Every structure is written in C-alpha cells, then in structure tokens.
Amino acid sequence: MSNQWLITIGINQYQYFQPLNYAQADAQGLWNLVVSKGSFLPDRCLLLTDTSPFIEGQSTYPSGENLKQWLDHLCQQAIKQDDLVWFFFSGYGVKWEGEDYLMPIDGNPGDVSVTGISIKEIYEKFKNSKAGTVLLLLDMNHQQEHQEGSTVVGNQTVELAREMEIPTVLSSQPGQFSYEIGELQHGLFTAALLEGLRSGAGLTLASLKRYLSERVPELSQTHSRPLQEPVVVVNPPGKSHQVILPEQPAFVGSSNGDWNQASAQVGTAATVASAVATSAGENPFQTALRNQQEATTTPAASTNNGQPKPVNTAGDDDEDEDKGNLWQQILLWGGGLLLLVLLLLTTFGRNLLFPGSEQAETPGDSTVGTVTPISKLTALDKAKVLLRNNQANSYVLAIRQANQIKPGDPLYREAQANIERWSRSILDVAQGRANTRDYRGAIVAAEMVPQDPQPIYADAEKLIRQWTPLAKKQQANQVVLSTARGLIRPNSATSYAQAIKMAQKIPAGDPGYVQAQALITSWSQSILNLARQRANEGNLALAVQTASLVPPNTPAYNQAKQAIAQWQK
C-alpha cells in the first residue's frame, strides 16, 4: 500500500532578504489542510518553518543544511515504491548564472551557488527516489533586484519540470511577482491553492490547474495587485488525470479522527510534533533518526548540535566505507562540536571530560569517578544550543530542557536564572510584534511564556489582555477593508467613492488606519484619473461630476478642484 508524504517549507525571517509576512502561515496552512482532510497521515507530513519544533532532537529550522538533509532522508530512505509526495515551498527564489535556486533562511544573495538550494538538485533527488507521483508547489517571491533581464527566476524550473516529467505548479509566470495579501493572511497563490483544495478542486492535476488558472488572476484583481498568473506544468499530458489528493481517512476507529478536526482549528499552533504525539503509528522520521542514533557509538557521531544526522543509504558497507562516512560526519559537524568542547573545557575544565581522573570531594570518600555527572552538566548546554535569535519557540524549547535540572543540582541556580532571562526574551519577542501592530502574533508569543517565573507570566497575561481587543479590532478592520475592496468595479468612479466611504469608517489610531488611509489616497487618485480620461474624451460635464467625488484631505483633492475649475470655463 502506497503512502502519502508532504514536505512543506515556509520562511518569514530571512537573514539576508527582506522578511516575508505570511510564508510560514502558507506552509502551516497547507499542513493543517491536508491532515485535517484525512488525506495525509500527520507523521508523514514534515513542517519546516522559522518556529517549527524539533523532531526527536532533530532541528526543523529551515537552514540550507537542514533542508538538504531532510530532503536526502525523505528521498533516500523514507519514500517507498509508488508513494505520493508533495513538496511545497513558500519563500524567495533567485536565479544565478542561469540556474534557479530556492533560498533557505540563511541563503545569501551574494553567494547563491553555495547558500541556495538548486532547483535542479531538488528535481534530481525526487526523480531518483522511489516515489510514484511527485507534485512540486512553489510559491516563490522575488526581490526587484533579482527580477531583471537574465535574472528572471522560473524559466529553468519550467524546463526541468518538463524534462524530468515531474508535475510542478509555480505561483506566477516568470517575470511576474508573487504577492502577499494582508486580508488573506497568506500569499495570493497559496490562498487560492488552499481554497481550491478545500472545495475539492485539487483531486487531480487537471482540476487543480483549471481552478488556479482562474482563481489566482481573479484574486490579484480583487485585491488591487498587478496580474499574477500561475504556471502548471504537466508532462506528459496524460498525467493530468492522476489523483494527487486521495480521499481517504487517515485515522479509522480511533480518537485521532477527532484530533484531525481539531488540528484544522488550531491554525499555526498545530505542528508536526503535536501530530506525532497523538498519532497511532510511530513517526517514520523519528524511527529512522533514532535508529541512526542507536547505531552510532562515537561521540562525534552522537553529538550533532541539534541538527539532522547525515543519512546512510549504502546498506551493509565495508569497513573502509564506514570510516569514510564517519569522517564525513566529523567534518560536517566538527565545527559545532569543537565549539561545544571548547565551551565545556573553558567552563568546567579537565574534570568535565575526564571525571574519573579526580577523586570525589566528599570528605572520607575515596571512590574515583562521578563528582560532576556529565548528563546533568550538558542539560544546560543542550538548552543553550537550542536558542535562536528572536525565535520565541526556541526559547520555549530551551526552557523545557533547562527545567530538567532539578533542585540540588550544582547547575540548578544557573538554570533558573537562564529560564528567567529566556522567559523575558519570549515576552520581548511578543512586544516586538506588538510594536509592528502584529497583535495576533504578539498574543501567540506571549502565550508561550511559562507560568514560572510568576512575575514575568503576570506581565504576559497583562499584555495579552491589552492586545486581545486590539487584535479583534484589527481583524474587524481588515474585514472592513476587504469589503471596501470588493465594492470596486473598473472604470466606475462611484464604486471607488463607495469604497472610500467604507474605508473612512476606520478611526484614527485604530489598527489598520494607516493602511486605510493609503487605500483612500490610491482610490482618490483613481477617481481623478477617470475624470481626466473623460475630459480627454470631450465629456467635460461627466469629468466634473467624476472629479467632485474626490474626497477632501487627500493629495488628489486640490488637483481635482483645479481641474474642475478649468473644465467649467
């Protein structure tokens, strides 16, 4: 019996690119949808985002190294004969020296060939896997400086999709831009994709292509964005009728069916980790990784700084190949391991690495050995390794690790101090989001603050109470703006005036007010442009009537008054 696999990647906080707003929500939304529909088992759906949790100690942070290793693990070990695989990416795409690349969170536009992930390499990995059906869904954003002339991304991807005969959907035509929409809380393409899948339009490639080809341009017009048209490549054409979204229950006869419904309601809080904890079967990702850990006996192989281990796909290798694989692991992770060793040496000295070389300090105890247990000492170091700047979820994971250090342990006081500092850091992340008027994101972060230390938890609760009405007001105002946009009809000045009147309902100081004023300014200019167009056509009376619809206190108002005076002469 074939399996269904999903690897979904969404990256917001790039290190070298302008941050995206909804790429992470795109990945999480697709994960939630396919799991809630019962089409994919949650323990075969891998989520890689800025804040996705570890799986059995393996990092899901979307760095270049992690993404490559997870892909290798899927394609070389996890995917079996005739399996169905979806690969989804929401983030930046770049073309460099004629080749397309997906950019991981640490991708550097100044060093694309080294830090990017080659599209060609991705196609080759899936082509060489045992998968029966593969579907690539690429919501690629482009920055202006990477979207001119020969640097247009997407052309090579289309060619590779045809050559490798792997069905592929791109969010936009090469040369177009993929847009994020605040009202939708998603990228425009992904919003249409999720909408289509919910409606049943994604059962086959043909039905998905029909839906997206109509809906994506429609949404771009509805939300006043330049035309965005998806690209759907299916070669040979006969593959268009392949079923890509099986209608089958993922859980039968168990309470996990209830979990599926709940996961769709949880939104961004639903994760691979929570799915693994409640699924009936064991996570194949975890199984393979744990088997590698158990088979590895050297310190260099068992210490990996929280990153996925390189996958061995060679089967029963001879001794020389085993040594080669070992040295590859040492070279790969040696830098991080060396840093950790130096830290331990500096902090704890010789007793840490050679606890048996000193006698216990307890008076009268002549036993050689365990004065400072390594397992307890490394618990705090493991917590520190989990930390990533400005990632609230990483602080949560570090706090959980540090909480394993119990009273009476020599490191307990230091661990508690770190827990307090990290709890405050979570609250700082929440406050930072609130400062950018992302009140919903601020609440999500603040809810991660642990109950102990109590004073910080009390501060978080106070801020949540403060932000909750603002988040509700923000959501309500977004509905107002969305309704206003829906009123607009091309070449209808009256519809623009109606939209302006709707947007003016958002009072100054409210979340969404600045956005509303920007739209009012834009729509006022559109009214003036229509008035000038009608004047140029010789219909001065209609031009005056149109220009009079431009509201006061907008940049176009004085221009409209001058134009009206001129046309009335």
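Conventions adopted
- Residues numbered from 1 in each chain as written.
- Predicted model: local features only at pLDDT ≥ 70, side-chain atom pairs only at ≥ 80, totals over all residues.
- Heavy atoms only, no water.
- pLDDT = per-residue confidence, 0-100.
- Helix = DSSP H or I, 4+ residues; strand = E, 2+ residues; numbered from the N terminus.
- Contact = heavy atoms within 4.5 Å.
- Salt bridge = Lys/Arg side-chain N within 4 Å of Asp/Glu carboxyl O.
- Buried < 20%, exposed > 50% of the residue type's maximum accessible area, 1.4 Å probe, protein only.

1. Quick word on the confidence of the model for the chain
- Here the chain averages 76 in pLDDT, and 73% of its residues register 70 or above.
- For the chain, the element scoring lowest by mean pLDDT is helix α8 (residues 256-266), at 34; strand β7 (residues 168-170) scores highest, at 95.
- Here residues 249-283 scores under 50 on pLDDT; set against residues more than four positions off or in separate chains, the count is 61 contacts.
- Overall, residues 346-377 carries pLDDT values under 50, and its contacts beyond four positions in sequence, including any with other chains, amount to 30 contacts.

2. So, the pattern of salt bridges
- As enumerated under the stated definition, the model contains eight salt bridges in all.
- Between Glu183 and Arg485 there is a salt bridge; the shortest N-O distance is 1.7 Å. Of this pair, Glu183 sits in the loop between β8 (180-181) and β9 (186-187) while Arg485 sits in helix α18 (residues 454-487), and the two are 302 residues apart along the sequence.
- Salt-bridge contacts for Lys473 lead to Asp510; the nearest nitrogen and oxygen are separated by 3.7 Å. One end of the pair, Lys473, is in helix α18; the other, Asp510, is in the loop between α19 (493-503) and α20 (513-536), with 37 residues separating them in the sequence.

3. Describing unusual backbone geometry
- Here the bond from Asn235 into Pro236 is cis, since omega is 0 degrees, no more than 30 degrees from zero.
- Assignment of secondary structure puts Pro236 in the loop between β10 (231-233) and α8.
- For the bond running from Asp452 to Pro453, omega is 15 degrees, close enough to zero to count as cis.
- Relative to the helices and strands, Pro453 is located in the loop between α17 (439-446) and α18.
- Phi is positive for Glu165, which is not a glycine, with a value near 60 degrees.
- For Glu165, the location among the structural elements is in the loop between α5 (155-164) and β7.
- The partly exposed category is assigned to Glu165, whose relative accessible area is 35%.

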